[in-house]
Amino acid sequence: MSTLESVSNPTRPVLEVLSGKRQAIPPVWMMRQAGRYLPEYRATREQAGSFLDLCYNPKLAAEVTFQPIRRFGFDAAILFSDILVVPHALGQTVSFTAGEGPRLQPLVTAGNVGRYAGAFDKEKLAAVFEAVRLIRAGLPPEVTFLGFCGAPWTVATYMVAGEGTPDQAPARLLAYRDPATFQRLIDSLVEASITYLVEQFRAGVDAVQLFDTWGGILPPAEFDRWVIEPANRIVYGVRAQVPGARIIAFPRGAGTQLERFIDRVPVDAVGLDWTIDLAFARERIQTRVAVQGNLDPLLLIAGGDALDRGVDAVLEAFRDGPFIFNLGHGITPDAPIENVERMLARVRGR
Ligand code: CP3
């Protein structure tokens, strides 16, 4: 490769891992890396108005996407947005109340579901695609740019309940009582997710992550139907339009069901949460697909020796294969920045 080529076509370590190539020092990023634990995020957030105003302001969304890259030099930047912009683009009312999380007009009847099925309008997310273009243009060349969407099951749990709940009982009940209606909702979210992710690729992301935060709450038959099958259709549907599209899946809490997940869903990596057995993940998952994870986010609050030991256990488990260092879920607003620095120094061997 000539020097010119290597300058215009630099390696992106996260993308290398997604092609199955182990890196001597694992690349690292954090879920929710642009968020309230950063003073610069809180300042921009105040300037923007509401949380959704920030998501739909391309310049400010790009700015907060860059903030953790500038501060910590992460190997991946994740588009700043939210999984609930998809229900918004289906016509559902969505808002975020400070300290209380999302509020949506709950979907309780089949008639309600019918109103949103097939209604996805990608034009409503034009501001998100504009943010993607701005981020692509401003990102250092070695940083991998990740887009994302919520997986249908997780998005449906918020659409049905109208808010976050501890056990997602409203969506689970609807799926048991009226599986045909629930299937229509999932089908419309599969279609919307494919369109949304394809548009993110066209606007400039390198890879995408599918967040199924609530996947692990389902028993096996429901996990197959509402988590695995929709993910399978999304992966094939996106790659039909974007050949070779790189995709990370994060079915949080899947545990040993991850084996069945990767049997059916040919993703390039799976995100692991902090509850997974490390030996199981190394032997049964990482031998088949790259892994990403899985430090307990609470260790970034605990700090000190507990943090060091947690980082070492994750590095030790996964360093011999394709691996991206991350948390097992998003960083929390109360995590001290010094602990993020401490974690990074240890991962990078400094
Ligand atoms: O990871 C990133 O930095 C990219 C941006 C991102 C956000 N949300 C920003 C956000 C991503 C990828 C998400 C995904 C998301 N959103 C998920 C799946 C992953 C996960 O974390 O479980 C879910 C379930 C949501 C829905 C959602 N958005 C909830 C339940 C909440 C409230 C909880 C909270 O932390 O306040 C949000 C709000 C939200 N999304 C914030 C951020 C930075 C905080 C809102 C604020 O700044 O006021």
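Residues numbered from 1 in each chain as written. Predicted model: local features only at pLDDT ≥ 70, side-chain atom pairs only at ≥ 80, totals over all residues.

Test applied: UniProt positions are given in the numbering used here, feature names are shortened, and annotations may be inferred rather than shown by experiment.
Where an unreviewed UniProt entry is consulted, the chain appears under the name Uroporphyrinogen decarboxylase, with the organism given as Rhodoplanes roseus. You can read under Function (unreviewed entry) in the UniProt record for the chain the words "Catalyzes the decarboxylation of four acetate groups of uroporphyrinogen-III to yield coproporphyrinogen-III."

A short note on the packing of helix α9 (residues 152-161) against helix α11 (residues 179-203)
Heads up, the condition is: Note on geometry: axes are C-alpha line fits, over the in-contact stretch for helices, and angles between N-to-C directions span 0 to 180 degrees. Here a strand is any run of E in DSSP of at least two residues, a helix any run of H or I of at least four, and the numbering for each starts at the N terminus. Comment on the angle field: the value is read as roughly parallel under 35 degrees, roughly antiparallel over 145, roughly perpendicular from 65 to 115, and oblique elsewhere. Each crossing gets its handedness from the near helix: less than a right angle anticlockwise from the far helix is left-handed, clockwise is right-handed. With C-beta atoms placed from the backbone, a contact is any residue pair whose C-beta atoms sit within 7 Å.
At a minimum axis separation of 9 Å, α9 and α11 run at an interaxial angle of 120°. Between α9 and α11, the interaxial angle falls into the category oblique. Handedness of the α9/α11 crossing: right-handed. Seen from α9, the contacting residues are Pro-152, Val-155, Ala-156 and Met-159; seen from α11, they are Leu-185, Ile-186, Leu-189, Val-190 and Ser-193.

A look at the site of the ligand
Rule in force here: Using a C-beta atom placed from the backbone, a residue is described as near a molecule or strand when that atom lies within 6 Å of it. Note on residue categories: nonpolar means Ala, Val, Leu, Ile, Met, Phe, Trp, Tyr, Cys or Pro, charged means Asp, Glu, Lys or Arg, and polar means any other residue, Gly included.
The environment of the ligand is formed by 23 residues, the closest being Gly-35, Gly-101, Phe-211, Thr-213 and Gly-330. Among the residues making up the shell around the ligand, the classes are represented as 11 nonpolar, 8 polar and 4 charged.

Let's talk about the environment of Val-190
Looking at where Val-190 falls in the secondary structure, it is placed in helix α11. Excluding residues that lie within four positions of it along the chain, Val-190 makes contacts with Pro-152, Pro-230, Arg-233 and Ile-234.

Quick notes on the environment of His-88
Inclusion rule: With C-beta atoms placed from the backbone, a residue counts as buried when 20 or more other C-beta atoms lie within 10 Å of its own, as exposed when 12 or fewer do, and as partly exposed for counts between those limits.
Looking at the secondary structure, you find His-88 in helix α6 (residues 85-89). C-beta crowding within 10 Å serves as the criterion here: with 18 such atoms nearby, His-88 is assigned to the partly exposed category. With 233 residues separating them along the chain, His-88 and Gly-321 place their C-alpha atoms 39 Å apart. Beyond its immediate chain neighbours, meaning those up to four positions away, His-88 contacts Val-94 and Lys-124.

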